[in-house]
Amino acid sequence: MALVSYELTRRSLLDERERTAVRAAYFDAAVVRSGLDAEAPDVAEVLRSLDTGSSRRALLHRDGQWYGLIADEGLTAAIPEDLQRLVRSGEPAVQRVRVDGQAALLVGVPLSGSATYYEVNSLGELERTFRALALTLTAVAIMVAGSGAALGWYATRHSLRPLTAVADAAERIAAGDVTARLDPATDPDLTRLSTSFNHMVDQLARRIERDRRFAADVSHELRSPLQTLAAAASVLQRRRAHHDGRTATAAGLVADEIDRFQRLVNDLIDLARSDETARRAAVDVAALARAACADRDLPPALVALGADTPATWRVERRRVAQVLANLLDNAVRYGAGPVAVRLSRAGDAGVIEVDDHGPGVPAEDRETIFDRFVRGRAAHDRGAGDGTGLGLALVAQHAAAHGGRAEVADRPGGGGARFRVTLPGSLS
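Since this is a predicted model, take the numbers as computed values, not measurements. (Residues numbered from 1 in each chain as written. Predicted model: local features only at pLDDT ≥ 70, side-chain atom pairs only at ≥ 80, totals over all residues. Heavy atoms only, no water.)

Undergrad: A description of the nonpolar core should follow, citing residues and the corresponding values.
TA: Of all hydrophobic cores here, the largest spans 35 residues; its most connected members are L327, I352 and V421. Elements represented by at least two residues in this core include exactly α8 (285-295), β8 (312-315), α9 (317-334), β9 (338-346), β10 (349-356), α11 (391-401), β11 (405-410) and β12 (417-423). Those residues in contact with I352 that sit more than four places away from it in its chain are W313, V320, L324, L327, R342, L343, F419, R420, V421 and L423. One finds V43, L105, L126 and F130 within the second-largest nonpolar core, a separate group that totals 22 residues. (Core = buried A, V, L, I, M, F, W, Y, C linked by side-chain atoms within 4.5 Å. Buried < 20%, exposed > 50% of the residue type's maximum accessible area, 1.4 Å probe, protein only. Helix = DSSP H or I, 4+ residues; strand = E, 2+ residues; numbered from the N terminus. Contact = heavy atoms within 4.5 Å.)

Written out as structure tokens, the structure is:
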């Protein structure tokens, strides 16, 4: 708008100035023609009789000579040859030129076969007006653009604030906080959205709680018959010498499966309780890691403590012990054994890393590797191990209880995988 306004104003003023200059030049040319028609005219006196003011300068070309009120060769040199030829041929002409570095409007009027009249109109004042107008319009454009941007930013922020609240609540729910709700009174226009969102979260929270309670109840109900079966299997195991070979083998298989079933039930109970926030206390995690290695006949020297990492972290002992145990068991069963157990820090977060020999985890499986039963299915397909399939699921749940996360990547140096658990706030 500023550019359009400037251009329209500029054209309008220039056209008006040109019309005024042409009218004045024709009037002055008529006066000069009348003066030259006299006997032995005095050209200088004729030119002095013109009322040109300070913005117009008159020139007369007669019989090959230039006449003016003041001697100014630069003024005559500024008249283009083409325009002179056109005026001498009997055609009036108008052209913008520059005289002494300033814009001017030149009007040429033929008087007779031997005389032509020229009038130079200064456009300096008009140029100053254009500069002032350009500065003013530029300043206005900047102010309007800035005000519009500020108003747009404010309006956008204000209109999107309810949606920002929805996004924040959704992020909290995705992180496991099912207590997040929207205030229906925040924006009357979004009351229906807020109410529906809160109802959806209520249903989700009830569903999660129902599933958690179901898993816990089923697990507890299974404990009693499993203990009875375990006791019976123990009796059979002790009397293996009195049975034939096939019966003894069958008794051993039953005892192993009952033991595995008991571990599965215990893991299910832990998963049912894993949504609770971790109860933090000072724990020597380095000693805990070495003890976990010793329990699995692994050298405690696998545990390496970072140079700037304290051995004591603020974590829940039971959860971290199970994280270490499950990661080590996973490395033994599926990764050809652990290579290293590193304890380090990332800001105020404690980091546990377990590297294994291999074969590693395919990239397409890394997003779901900590989902429940994923590793259990893989282990079952290989016909390997005595794991319950919930080991890494428990690792992820215990990390989440500390506000952290579990992830897997390739082990640097080639081959194998690196399982990493981050526990924020454990070193603060």
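What follows picks up the thread again.
Undergrad: So what about the sheet that holds strand β3 (residues 93-99)? Which residues, and what values?
TA: Pairing within the open sheet is antiparallel, and its five strands lie in the order β2-β1-β5-β4-β3. The sheet is open, and its two edges are formed by β2 (65-68) and β3, each paired on a single side. In this sheet, adjacent strand axes meet at a mean angle of 25° when their direction is disregarded. As judged from the seven bridges shared by strand β4 (residues 102-110) and strand β5 (residues 115-122), these two strands associate in the antiparallel manner. Within β5, the residue paired with G108 across the bridge is Y118. Taken strand by strand, helix α1 (residues 2-36) contacts β1 (56-62), β3, β4 and β5, and its axis lies near 145° from that of β5. (Pairing = 2+ DSSP bridges. Axes fitted to C-alpha atoms, helices over the stretch in contact; angles between N-to-C directions.)

Undergrad: Talk me through the packing of α1 against helix α5 (residues 124-174); I want residue IDs and the actual numbers.
TA: Two elements in contact, α1 and α5, have axes whose closest approach is 10 Å; the angle formed by their N-to-C orientations is 165°. By the angle between their directions, the pair α1 and α5 is classed as roughly antiparallel. As for how α1 packs across α5, the hand of that crossing is right-handed. Together, A2, S5, Y6, T9, R10, L13, L14 and R17 of α1 and L126, T129, F130, L133, A134, L137 and A141 of α5 make up the contact between the two elements. (Parallel < 35°, antiparallel > 145°, perpendicular 65-115°, else oblique. Left-handed = near helix turned anticlockwise from the far one by under 90°.)

Undergrad: How would you explain the packing of α9 against α11 if you had to name every residue and give the values?
TA: Two elements in contact, α9 and α11, have axes separated by 9 Å at closest approach and are oriented at 150°. In this structure, α9 meets α11 at a crossing whose hand is left-handed. In contact with R318, R319, Q322, V323, N326, L327 and N330 of α9, α11 contributes G391, L392, L394, V395, Q397, H398 and A401.

Undergrad: Can you lay out the sheet that holds β9 for me, pointing to particular residues and giving the numbers?
TA: Across a sheet, paired strands are connected by hydrogen bonds in the backbone, their directions being either parallel or antiparallel. The five strands are arranged β7-β9-β10-β12-β11 in an open sheet whose pairing can be described as mixed. Both outer strands of the open sheet, β7 (303-305) and β11, are each paired with one neighbouring strand and no more. Here the strands of the sheet are splayed against their neighbours by 20° on average, with no regard to which way each runs. Bridge count for β9 against β10 is eight bridges, and the pairing is antiparallel. Opposite A346, over in β10, you have A349 as the bridge partner.

Undergrad: Give me the pattern of salt bridges: which residues, what numbers.
TA: Under the defined criterion, the tally for this structure stands at 21 salt bridges. A salt bridge links E7 to R10; the nearest nitrogen and oxygen atoms lie 4.0 Å apart. Of this pair, E7 and R10 both sit in helix α1, three residues apart, which is roughly one turn of that helix. Linking R342 and E353 is a salt bridge whose minimum nitrogen-to-oxygen distance equals 3.2 Å. Residue R342 is located in strand β9, and its partner E353 is located in strand β10; the two are separated by 11 residues in the primary sequence. R342 gets classed as partly exposed once you look at its relative accessible area, which sits at 23%. Through salt bridges that share partners, R342, E353, D355, R405, E407, R418 and R420 make up one connected network. (Salt bridge = Lys/Arg side-chain N within 4 Å of Asp/Glu carboxyl O.)

Undergrad: Break down unusual backbone geometry for me, citing the residues and quoting the values.
TA: With an omega of 10°, the peptide bond between G358 and P359 qualifies as cis. With respect to the secondary-structure elements, P359 resides in the loop between β10 and α10 (374-382). Not every positive phi belongs to a glycine, and D63 is a case in point at roughly 55°. Summarising the element assignment, D63 is placed in the loop between β1 and β2. We classify D63 as exposed; its relative accessible area is 54%.

Undergrad: Tell me about α5, and name the residues and values.
TA: Its 51 residues give α5 an end-to-end C-alpha distance of 70 Å, which sits within 8% of 75 Å, the value for a rise of 1.5 Å per residue. Along α5, the largest kink reaches about 50° and is centred on R161; proline P162 follows within four residues of it. Turning to α5, its buried residues are G124, L126, F130, L137, P162, V166, A169 and I173. (Expected span 1.5 Å × (residues − 1). Bend = angle between axes of the 7 residues up to and from the residue.)

Undergrad: Could you give me a rundown of the packing of aromatic side chains, with the residues and numbers involved?
TA: Evaluated as defined, the whole model comprises three aromatic pairs. Arranged with centres 6.4 Å apart and planes meeting at 75°, the rings of Y6 and F130 form a pair that is edge-to-face. With Y6 in helix α1 and F130 in helix α5, the pair connects residues that are 124 residues apart, well separated along the chain. Since its relative accessible area comes to 23%, Y6 is described here as partly exposed. On the basis of an interplanar angle of 45° and a centroid distance of 5.5 Å, the ring pair of W66 and Y118 is categorised as tilted. Of the two residues, W66 is situated in strand β2 and Y118 in strand β5; the sequence distance between them amounts to 52 residues. (Phe/Tyr/Trp six-rings, centres within 6.5 Å; stacked < 30°, edge-to-face > 60°.)

Undergrad: If you had to explain the side chain of H61 to someone new, which residues and values would you point to?
TA: Here H61 shows up in strand β1. Assessed through its relative accessible area of 14%, H61 is described here as buried.

Undergrad: Account for helix α4 (residues 81-88), naming residues and giving values.
TA: For α4, the set of buried residues is L83, Q84 and V87. Buried residues of α4 fall within an arc of 100° about the axis and therefore sit on the same side. Backbone geometry just downstream of α4 places G90 in the positive-phi region, at approximately 100°. (Arc of directions from axis to C-beta.)

Undergrad: Please give an account of the pairing of β10 that cites residues and values.
TA: Burial within β10 is extensive, with eight of its eight residues counted as buried. Going residue by residue along β10, you find A349, V351, E353 and D355 tucked away on one face and G350, I352, V354 and D356 tucked away on the opposite face as well. Connecting β9 to the next strand, β10, in antiparallel fashion are two residues, including G347 with a positive phi near 70°. Pairing of β10 with β12, which is carried by six bridges, proceeds in the antiparallel orientation.

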